[in-house]
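Spelled out from the first residue to the last, the chains are:
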Amino acid sequence: MKVYNFPLRAQSPYRWLSSVVCRRRLQCFLYEHKEADLWWRTLHCWYRNMGNLLKVLTCTDLEQEPNFFLDFENAQPTDAEREVWEQVDVVLKDAKAVLDELQAYKGAGQEIREAIQNPNDEVLQEQAWAAVVPLVGKLKKFYQFSQRLEAALHSLLGALTSESYNDPTQHLEREQALAKQFAEILHFTLRFDELKMTNPAIQNDFSYYRRTLSRMRINNVPADGENEVNNELANRISLFYADATPMLKALSDGTTKFVSENKNLPIENTTDCLSTMASVCKVMLETPEYRSRFTSEETVSFCLRVMVGVIILYDYVHPVGAFAKSSKIDMKGCIKVLKDQPPNSVEGLLNALRYTTKHLNDESTNKTIKSMLQ
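Residues numbered from 1 in each chain as written. Predicted model: local features only at pLDDT ≥ 70, side-chain atom pairs only at ≥ 80, totals over all residues. Heavy atoms only, no water.

Under an unreviewed UniProt entry, the name given to the protein is CYRIA/CYRIB Rac1 binding domain-containing protein, and the organism recorded is Perca fluviatilis. In UniProt, the protein has this text filed under Sequence similarities (unreviewed entry): "Belongs to the CYRI family." (UniProt positions renumbered as here; feature names shortened; annotations may be inferred.)

Caption draft 1: Geometry of the pattern of salt bridges. Within this structure, the stated rule accounts for 14 salt bridges. Close ionic contact of R148 with D94 constitutes a salt bridge, the shortest N to O distance being 3.0 Å. Here R148, found in helix α6 (residues 122–160), pairs with D94, found in helix α4 (residues 82–103); they are 54 residues apart in sequence, far enough to count as distant. With a relative accessible area of 31%, D94 lands in the partly exposed category. One salt bridge in this structure joins D340 and K336, with 3.0 Å as the shortest N-O distance. (Salt bridge = Lys/Arg side-chain N within 4 Å of Asp/Glu carboxyl O. Helix = DSSP H or I, 4+ residues; strand = E, 2+ residues; numbered from the N terminus. Buried < 20%, exposed > 50% of the residue type's maximum accessible area, 1.4 Å probe, protein only.)

Caption draft 2: Main features of the packing of helix α5 (residues 109–117) against α6. Orientation of α5 relative to α6, taken along the N-to-C sense of each, is 150°, at an axis distance of 8 Å. By the angle between their directions, the pair α5 and α6 is classed as roughly antiparallel. Handedness of the α5/α6 crossing: left-handed. Along its contact with α5, which presents E111, I112, E114 and A115, the element α6 presents L124, Q125, Q127, A128, A131 and V132. (Axes fitted to C-alpha atoms, helices over the stretch in contact; angles between N-to-C directions. Parallel < 35°, antiparallel > 145°, perpendicular 65-115°, else oblique. Left-handed = near helix turned anticlockwise from the far one by under 90°. Contact = heavy atoms within 4.5 Å.)

Caption draft 3: Summary view of the packing of aromatic side chains. Following the criterion strictly, the structure yields eight aromatic pairs and no others. Seen in terms of ring centroids, F145 and F188 are 5.2 Å apart; in terms of plane orientation they differ by 70°. Their pairing is edge-to-face. One end of the pair, F145, is in helix α6; the other, F188, is in helix α8 (residues 176–197), with 43 residues separating them in the sequence. F188 matches F145 in its accessibility class, with the two residues each being buried. (Phe/Tyr/Trp six-rings, centres within 6.5 Å; stacked < 30°, edge-to-face > 60°.)

Caption draft 4: Region of interest: the confidence of the model for the protein. The predicted model of the protein has a mean per-residue pLDDT of 81, with 80% of residues at 70 or higher. Counting interchain partners and residues more than four positions distant, the pLDDT-below-50 stretch residues 1–63 has 38 contacts. (pLDDT = per-residue confidence, 0-100.)

Caption draft 5: Region of interest: helix α15 (residues 331–339). If you check which residues of α15 are buried, you get M331, G333, C334, I335, V337 and L338. On its buried face, α15 is in contact with α12 (267–286), α14 (297–317), α16 (343–355) and α17 (367–372).

Caption draft 6: Structural context of the packing of α14 against α16. Packing of α14 against α16 leaves a shortest axis separation of 10 Å and a crossing angle of 5°. With respect to α16, the element α14 is oriented roughly parallel. Here L304, R305, V308, I311 and I312 of α14 come into contact with α16, specifically with V346, L349, A352 and L353. Residue classes in the contact of α14 with α16 are distributed as eight nonpolar, no polar and one charged. (Nonpolar A, V, L, I, M, F, W, Y, C, P; charged D, E, K, R; others polar.)

Caption draft 7: Main features of the nonpolar core. F72 and F182 are the most contacted members of the largest nonpolar core, which has 106 residues in total. In terms of residue count, the dominant contributor to this core is α6 (18 residues). Viewed by domain, this core spans two of them, domain 1 (69–244) and domain 2 (266–373), each represented by three or more residues. Apart from the residues within four sequence positions on either side, F72 is in contact with A179, K180, A183, M277, C281, M284, T299, F302, C303 and V306. (Core = buried A, V, L, I, M, F, W, Y, C linked by side-chain atoms within 4.5 Å. Domains from an automatic or database assignment.)

Caption draft 8: A look at the side chain of D71. Within the secondary structure layout, D71 lies in the loop between α3 (37–58) and α4. For the buried D71, no salt bridge exists, and the shortest N-O distance to an oppositely charged side chain is 6.1 Å, to R293. Here the side chain of D71 touches E73 through a polar contact of 3.2 Å, landing on its backbone nitrogen. If near-sequence neighbours (up to four positions away) are discounted, D71 is found in contact with Q176 and K180. (Lys, Arg positive; Asp, Glu negative; His and termini not counted. Polar contact = N/O pair within 3.5 Å; in protein donor to acceptor, adjacent residues only side chain to side chain.)

Written out as structure tokens, the structure is:
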């Protein structure tokens, strides 16, 4: 019998089996000793299974990111989704009109300045008041829409966190029309706040309205505009616009309220839904195969806004936030995706992560993440 010297001690069996020379030796050995085939199969199977076991033992949640295409462009409701979808659709149909009105909002800066500079000129006072009152009506409309949006969000969260499926990935994959509506709410929210932050006339107009209304009451002057916004409502609206990102604040408070009102529902159902949505957006943006399926570049911007929106909501709702080591969101990966885009297109989104999140500046936040957002 011819003896073959297998160098098992010189290197690991796995490396030895992968070498061309040793494979040829083994082929010769098996040809002359067919009974050794069982030994070969057993050894190969053992190493293969050990490799799989090591992968499982060393795998983290972040390495098991949901890997499916969420069709933000064409998803249509199934029969099971239709009732909630129709409720939310009524709200979303008005969202575009709200954005259009906000984008066209010019303010009454000129009239207000002239009225302040000439306090004894009654004509200028009346002109300023006449200019401000309809604008305050619009601001009231935007505030009331935030309440409708919060109610729509509650309906979607109720559907997407229910026990009808085992995990949030199944919810988002099988209820794509509802997931799309959830994404549209987040997209609207960030867009609204971007427009609001770049328009100081909004707060200036409302501040002038409140000051003038107060002065009219003191002087017992009839105020036609009070029918539009009374004092109690004016206080609530003022608090709404005092926030840098009012619509996002409304949604964050609404999500927190949803969790607190549904005590029978584990908080993980909500936070896992948010983290899964963030992961799906990140995977679609960084995977060429998925990204090539977008028919419009606007869908890329849409996906980026949604990713940032759910990160912020997660950071408010989760007890330790999105930036902690235990977070189920790959923050480094998400920030990298943002920074891989043209700088001018994502600076607002990066600022949203820098300035509107709750836990970024916690001591537990990874220094690498903080430096990536500097």
